[in-house]
Amino acid sequence: MTDTDTWSPTTYVRSGDVELAYDRFGERGGVPLLLMMGLAISRFWWPDGFCQALADQGFDVVRYDQRDTGASTRFSHTVRHGHWRMLRPGAGAYTAEDLADDAVAVLDAVGWDRAVVFGHSLGGVVAQRVALRHPDRVRALVSCDAPPSDAVGYRALRYLRFGLVARNVTKRHPAGHAGDVAASLAIAKRMASPANPCDETAALERIVRGLETGPRDMAGIGRQLHARWQGARLRQIQAPTLVLQGADDPLIRMSAARAVAREIRGAKLVVLDGIGHDLPPVTWPTIARQTRQLVTTSVRSHRDQPVRDPGP
């Protein structure tokens with residue numbers, strides 16, 4: 001199966017004044033599952049093999065570009081160099097509630113009353129907030145490599161590893177498409193664990209596809225980070241929840257995953273040994289299986305300690 005017949009054509013839906021791009025994987029039917037990628041990263045960063053593993057477990061998979069990302073609405077001109085100021089709290093062009101509402105707009109467009117919401121990195125934070133703001137639309141929640149959604153402003157900084165943040169923010173690359181590709185590949189390589197290094201060929205394919213929809217936008221990263229959340233606290237989530245965390249994540253500390261799992265009653269924490277802040281092929285069977293178990297197990301006990309999945 002080629003990429004062109006794996007995914008549906010790109011479709012657009014409006015969320016207020018914003019236009020969101022999304023597509024759908026393979027066959028229709030199965031358990032609805034909505035994928036949300038991380039900070040200013042297009043939907044093409046979800047590996048096709050990962051989505052196939054989810055489909056093999058009976059999921060109907062949709063992915064979308066969040067606002068200020070990919071083919072969805074961008075809010076201002078492109079700025080190519082990062083600045084430390086984007087990490088500072090400040091007023092945003094939109095709110096975190098807007099980002100959560102965007103996800104529901106996609107659900108409405110697809111025709112889903114409820115879905116499993118699965119977010120990676122910043123997408124995991126947004127997924128948590130969808131479960132808080134729209135609990136009737138969330139069948140289950142998967143939060144992967146993400147800090148707790150109610151740790152905002154400077155309180156969120158405790159969950160970051162600043163060595164990687166510093167390298168990503170201060171590294172300069174040439175302007176233009178070639179520079180955008182080089183910067184994105186450098187980030188992909190840094191995010192991986194030495195135990196499971198980045199597949200550069202596969203990463204380049206996803207990067208180039210994403211950049212076809214628009215250049216890297218450092219200002220967009222800042223706008224997403226400054227989207228303020230004034231909603232409910234994490235402990236109010238009622239949806240069955242799976243928390244995933246790479247044991248070698250160079251960006252998000254393990255304390256972040258533990259905090260999410262501790263705050264959400266009944267949440268299950270699964271630590272992925274030898275994994276960084278990415279989704280290499282070795283994780284796909286485990287994550288797909290754990291996600292399926294999440295929606296098929298009706299009674300789950302609260303876990304105080306993480307479970308280390310031994311794999312197939």
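Residues numbered from 1 in each chain as written. Predicted model: local features only at pLDDT ≥ 70, side-chain atom pairs only at ≥ 80, totals over all residues. Heavy atoms only, no water.

Enquirer: It is not clear to me how the overall build of the chain should be interpreted in this structure. Could you clarify?
Expert: Within the chain one finds 10 helices and nine strands. Among the 312 residues that make up the chain, the fraction classed as buried is 55%. Sequence-distant contacts in the chain: of pairs separated by 6 or more residues, those separated by 24 or more amount to 77%. For the chain, the accessible area works out to roughly 13,400 Å², and carbon and sulfur atoms hold 50% of it. (Helix = DSSP H or I, 4+ residues; strand = E, 2+ residues; numbered from the N terminus. Buried < 20%, exposed > 50% of the residue type's maximum accessible area, 1.4 Å probe, protein only. Contact = heavy atoms within 4.5 Å. Areas by Shrake-Rupley, 256 points an atom, 1.4 Å probe, with all protein chains shown as cover.)

Enquirer: Honestly, the confidence of the model for the chain in this entry has me stumped. Any pointers?
Expert: Note that predicted coordinates carrying low pLDDT should not be read in detail. Confidence along the chain averages 86 in pLDDT terms, with 84% of residues attaining 70 or more. Residue range residues 77-90 is modelled with pLDDT below 50. Its contacts to residues more than four positions away, or to other chains, number 43 contacts. Per-residue pLDDT stays below 50 along residues 298-305; that stretch engages in 15 contacts with residues further than four places along the chain or on separate chains. (pLDDT = per-residue confidence, 0-100.)

Enquirer: Sorry, what's going on with the pairing of strand β7 (residues 241-246) here?
Expert: Two faces make up the sheet, and in a regular strand the side chains alternate between them. In terms of burial, β7 is a largely internal element, six of the six residues being buried. Here β7 shows a buried face lined by T241, V243 and Q245 and a second buried face lined by L242, L244 and G246. Examined bridge by bridge, β7 and strand β8 (residues 268-272) share five bridges and lie parallel to one another. Within β8, the residue paired with G246 across the bridge is L272. (Pairing = 2+ DSSP bridges.)

Enquirer: Is there a simple way to think about the packing of helix α2 (residues 48-56) against helix α10 (residues 284-296) in this case?
Expert: Packed helices, taken two at a time, are described by the angle their axes make and the gap between the axes. The interhelical angle for the contact between α2 and α10, taken along N-to-C directions, is 35°, at an axis separation of 9 Å. With respect to the hand of their crossing, α2 and α10 are arranged in right-handed fashion. In contact with G49, F50, A53 and L54 of α2, α10 contributes W284, I287 and A288. Taken together, the residues of the contact of α2 with α10 break down into six nonpolar, one polar and no charged. (Axes fitted to C-alpha atoms, helices over the stretch in contact; angles between N-to-C directions. Left-handed = near helix turned anticlockwise from the far one by under 90°. Nonpolar A, V, L, I, M, F, W, Y, C, P; charged D, E, K, R; others polar.)

Enquirer: I tried to follow the nonpolar core on my own but got confused; where do I start?
Expert: Burial of nonpolar side chains together is a common tendency in soluble globular proteins. Ranked by internal contacts, the top residues of the largest apolar core, which has 42 residues, are L34, M36, V106, V130 and I237. Here the element with the most residues in this core is helix α3 (residues 96-110); it accounts for nine residues. V106 has contacts with V13, L20, Y22, L34, V62 and Y64, leaving out every residue within four places of it along the chain. With 29 residues, the next largest nonpolar core counts W7, L33, L244 and I287 among its residues. (Core = buried A, V, L, I, M, F, W, Y, C linked by side-chain atoms within 4.5 Å.)

Enquirer: Teacher, can you tell me more about the side chain of H120 here?
Expert: Relative to the elements of secondary structure, H120 occurs in strand β5 (residues 115-120). Look at H120 and you get buried, because its relative accessible area is 5%.

Enquirer: Help me understand the pattern of salt bridges in this model?
Expert: For side chains of opposite charge, pairing can occur when their charged atoms come near one another. Applying the stated criterion across every chain yields a total of 10 salt bridges. The partner of D102 in a salt bridge is R67, and the shortest N-O contact between them spans 2.7 Å. Of this pair, D102 sits in helix α3 while R67 sits in the loop between β4 (59-64) and α3, placing them 35 residues apart in sequence. Judged on exposure class, the residue D102 and its partner R67 are both buried. Each member of the salt-bridge network shares a partner with another, and the members are D23, R43, R63 and D65. (Salt bridge = Lys/Arg side-chain N within 4 Å of Asp/Glu carboxyl O.)

Enquirer: Please clarify how α3 should be interpreted in this entry.
Expert: Counting along an α-helix, one turn takes 3.6 residues, and residues three or four places apart therefore face a common direction. Across its 15 residues, α3 extends 22 Å between first and last C-alpha, which sits within 8% of the 21 Å expected from 1.5 Å per residue. Buried residues dominate α3, accounting for 11 of its 15 residues. When α3 is considered as a whole, its buried residues turn out to be A96, E97, L99, A100, D102, A103, V104, A105, V106, L107 and V110. Tucked inside the fold, the buried residues of α3 contact β1 (11-15), β2 (18-24), β3 (31-36), β4, β5 and α4 (122-133). (Expected span 1.5 Å × (residues − 1).)

Enquirer: Can you help me understand the environment of H226 in this one?
Expert: Note that H226 resides in the loop between α8 (218-225) and β7. Considering only alpha carbons, one finds H226 and G153, 73 residues apart in sequence, at a separation of 8.4 Å.

Enquirer: Even after reading the chapter, I still don't get the side chain of H134, so can you show me in this structure?
Expert: With respect to the helices and strands, H134 occurs in the loop between α4 and β6 (138-144). Given the relative accessible area of 17%, H134 is considered buried. At 2.7 Å, the side chain of H134 and the side chain of D101 are in polar contact. When near neighbours in sequence (up to four residues on either side) are disregarded, H134 contacts A100, D101 and V104. (Polar contact = N/O pair within 3.5 Å; in protein donor to acceptor, adjacent residues only side chain to side chain.)

Enquirer: Any chance you could explain the packing of α3 against α4 here in plain terms?
Expert: Where α3 contacts α4, the axes come no closer than 9 Å and their chain directions differ by 80°. With respect to α4, the axis of α3 lies roughly perpendicular. Across from A96, E97, L99, A100, D101, A103 and V104 in α3, the residues of α4 making contact are V126, R129, V130 and R133. Here the residues of the contact of α3 with α4 are counted per class, giving seven nonpolar, no polar and four charged. (Parallel < 35°, antiparallel > 145°, perpendicular 65-115°, else oblique.)

Enquirer: Would you mind showing me how to read the packing of aromatic side chains here?
Expert: Any pair of aromatic rings gets described here by the distance separating the centres and the angle formed by the planes. Considering all chains together, one arrives at five aromatic pairs under this definition. Consider the rings of W46 and F118, whose centres lie 5.7 Å apart with planes at 85°: the pair is edge-to-face. Here W46, found in the loop between β3 and α2, pairs with F118, found in strand β5; they are 72 residues apart in sequence, far enough to count as distant. The pair W46 / F118 is uniform in exposure class, with both members buried. Among the aromatic residues, those joined into a ring-pair cluster are W46, F50 and F118. We note R67 situated over the ring of Y94; from NZ or CZ to the ring centre the distance is 5.0 Å. Taking NZ or CZ as reference, R292 lies 5.8 Å from the ring centre of F59, over its face. (Phe/Tyr/Trp six-rings, centres within 6.5 Å; stacked < 30°, edge-to-face > 60°. Lys NZ or Arg CZ within 6 Å of the ring centre and 35° of its normal.)

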